[in-house]
Protein chains: 2
Amino acid sequence: MGKLVARAAAKEAKREAKKRALAASAIEALKCYGYANTTLRDIAAESDLSLGMLHYYFENKEQLLIYCVRLYKEAFAAEIGGRLAGITDRQAQIRALAGGLAASIIDDADTHRLWYDIRNQALFDPVFKPVVAEIEASLIDLVRPLAESPDDSAQISVLYGAIDGVFRHLLERHLSGVHSSADDLSHAFCNLLGATPPSAPPSPQG
Amino acid sequence: MGKLVARAAAKEAKREAKKRALAASAIEALKCYGYANTTLRDIAAESDLSLGMLHYYFENKEQLLIYCVRLYKEAFAAEIGGRLAGITDRQAQIRALAGGLAASIIDDADTHRLWYDIRNQALFDPVFKPVVAEIEASLIDLVRPLAESPDDSAQISVLYGAIDGVFRHLLERHLSGVHSSADDLSHAFCNLLGATPPSAPPSPQG
DNA sequence: AAAAAAACTAGACACATGTCCAGAAAAAAT
DNA sequence: ATTTTTTCTGGACATGTGTCTAGTTTTTTT
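This structure is a prediction, so every number in the text was calculated from the model and none was measured.

Some words on the protein's contact with DNA strand D
Among the 21 residues in the neighbourhood of DNA strand D, the closest are listed as A:Lys18, A:Met53, A:Tyr56, A:Tyr57 and B:Arg7. Of all DNA strand D atoms lying within 4 Å of any protein atom, the proportion belonging to sugar or phosphate reaches 62%. B:Lys14 is positioned such that a nitrogen or oxygen atom in its side chain is 3.3 Å from a phosphate oxygen of DNA strand D. One of the backbone nitrogen or oxygen atoms of B:Leu40 is found 3.0 Å away from a phosphate oxygen of DNA strand D. When residues of the surface near DNA strand D are traced back to their parent elements, those giving at least two are helix H1 (3-33) and helix H3 (51-57) of chain A together with helix H1 (3-33), helix H2 (40-46) and helix H3 (51-57) of chain B. At four residues, H3(A) tops the list of elements feeding residues into the surface near DNA strand D. Looking at side-chain class alone, the surface near DNA strand D contains six nonpolar, seven polar and eight charged residues.

Brief notes about the protein's contact with DNA strand C
Around DNA strand C sit 20 residues, and of these A:Arg7, B:Lys18, B:Met53, B:Tyr56 and B:Tyr57 come closest. Each atom of DNA strand C within 4 Å of the protein was classed as base or backbone; sugar and phosphate made up 62%. The contact in question runs from a phosphate oxygen of DNA strand C to an N or O atom on the side chain of A:Lys61, over 2.9 Å. B:Tyr57 places a polar side-chain atom, nitrogen or oxygen, 2.7 Å from a phosphate oxygen of DNA strand C. Elements with a contribution of two residues or more to the surface near DNA strand C: H1, helix H2 (40-46) and H3 of chain A together with H1 and H3 of chain B. Among the residues making up the surface near DNA strand C, the classes are represented as six nonpolar, six polar and eight charged.

Quick look at the packing of aromatic side chains
Residue and element names in this part refer to chain A. In the structure shown here, the tally under the stated rule is 10 aromatic pairs over all chains. Here Tyr-35 and Phe-128 contribute two aromatic rings whose centre-to-centre distance is 5.3 Å and whose plane-to-plane angle is 85°, an arrangement assigned as edge-to-face. Of this pair, Tyr-35 sits in the loop between H1 and H2 while Phe-128 sits in the loop between helix H6 (109-122) and helix H7 (129-143), and the two are 93 residues apart along the sequence. This pair shows no difference in class: Tyr-35 is buried, exactly as Phe-128 is.

Considering the relation of the copies chain A and chain B
Overlay of chain A on chain B (RMSD 0.0 Å): rotation 180°, translation along the axis 0.0 Å. Such a turn and shift between the copies fits a two-fold axis. Mapped onto chain B, 100% of the interface residues of chain A are again interface residues, and the two copies thus contact each other with one and the same surface.

Regarding the domain arrangement of chain A
Quoted interface sizes are often the accessible area lost when the parts come together. Residues and elements named next belong to chain A. Assigned domains of chain A: these are domain 1 (1-58) and domain 2 (63-206). Taking only C-alpha atoms into account, the centre of domain 1 sits 29 Å from that of domain 2. Here domain 1 packs against domain 2, burying approximately 1300 Å² in sum over the two surfaces, 77% of which is carbon and sulfur. Among the residues domain 1 hides against domain 2, the three largest losses belong to Lys-31, Tyr-35 and Phe-58. Together they make up 47% of the total. Put simply, domain 1 and domain 2 have zero salt bridges between them. Linking domain 1 to domain 2 there are three residue pairs in polar contact (both at pLDDT 80 or more). Elements with a contribution of two residues or more to the side of domain 1 that touches domain 2: H1 and H2. The element contributing the most residues to the side of domain 1 that touches domain 2 is H1, with 11 residues.

Criteria and cut-off values
- Residues numbered from 1 in each chain as written.
- Chains lettered and ligands numbered in written order.
- Predicted model: local features only at pLDDT ≥ 70, side-chain atom pairs only at ≥ 80, totals over all residues.
- Heavy atoms only, no water.
- Near = heavy atom within 4 Å.
- Polar contact = N/O pair within 3.5 Å; in protein donor to acceptor, adjacent residues only side chain to side chain.
- Helix = DSSP H or I, 4+ residues; strand = E, 2+ residues; numbered from the N terminus.
- Nonpolar A, V, L, I, M, F, W, Y, C, P; charged D, E, K, R; others polar.
- Phe/Tyr/Trp six-rings, centres within 6.5 Å; stacked < 30°, edge-to-face > 60°.
- Buried < 20%, exposed > 50% of the residue type's maximum accessible area, 1.4 Å probe, protein only.
- Least-squares fit on C-alpha atoms with pLDDT ≥ 70 in both.
- Contact = heavy atoms within 4.5 Å.
- Domains from an automatic or database assignment.
- Buried area = accessible area lost by both parts, 1.4 Å probe.
- Salt bridge = Lys/Arg side-chain N within 4 Å of Asp/Glu carboxyl O.

Given below as structure tokens:
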């Protein structure tokens, strides 16, 4: 019978649940101070757990962070993906994406700041490269349907880079206290994706 | 007479020269490991100076870094600004900018990585915000002439964010070992600035 | 040449931080 | 009820790191 394997699976599930709870607490701490400035003691305090427990569930600080980032990615990619699901009209896609990104700047500013922190770490520490590459690939996939030639990797790079750059810059402004309305933020993305960087439809000067 | 003040000025100039030399060495170390992972001992070793000297010339690690970043900014902004100087034709401006950015991705990859590291630090540590804001303002000014309405701050934000985002993403790819030619990199920027994200001039579908 | 100031060194100090361990407490299995 | 496994605690340990100080050497000034 599979009694033993069922038990083992239950154990594993319980452990995974604990890990997720721990990671959720860890994110709360990491969001505030960033990766480099968050100590394991901060995380332990936030999660009402003792310091030793962190190493009981995670090999080291890096692995804990990687786990956290994956958790975040699933949520965000799912959120945006859900908004785009089923939409085929290009203009509608753009509006949906713009609205989602704008809302997320306002609602999840700290989480995104953490993401950019990790992505930056990956530029120096190879340990983080796989997760970042994985997440970034899923973000690129999110954006791919907006491209006119979804197979042209150069075009996708430009598209993703541009959207991400605008997102990051608007996030930076938001975090600095320059609060724009969700509509204004959304318009920025529409402006980027609908027409060339500047201008709405046709403009008087060439 | 101004003998004394002349002497004092010479002293100050000499000290400044030393600081610049020290900062130049510091950048070499910082480029490799990033801000958080570079110790003052690394910098001391790189500059053939003793550890104590760093505090003799700079108040603390943060001030040293700020000094270094300013040094870098002057060089980069001057480089790009020089390429754009005197050009009035918009297409020529775009080509000049694209060429400059592309070349810099290949030639100064490590320095830019450091810049992004600092800019990221500023998202968490207020000490770095002024320098980053100052540098970013000068970069935005570099890009401003490309906008159709140089006074529309929302438009400028989108323009700067998009260019910076593409630059950062291409840099990331380059640092990951995906080496594109200067021409390909340059084309990416032209593609971004010349027309909407995808496609060249007019395209068949709407 | 003597005196004063600046440049520099070596090392200590305090503290933060990731890691690990011996054992207690709780839960699960027999 | 007993044993075994899992979960958890508290603290120790080693190391890295920014900062500072006492003293030395070099340069500059008189």
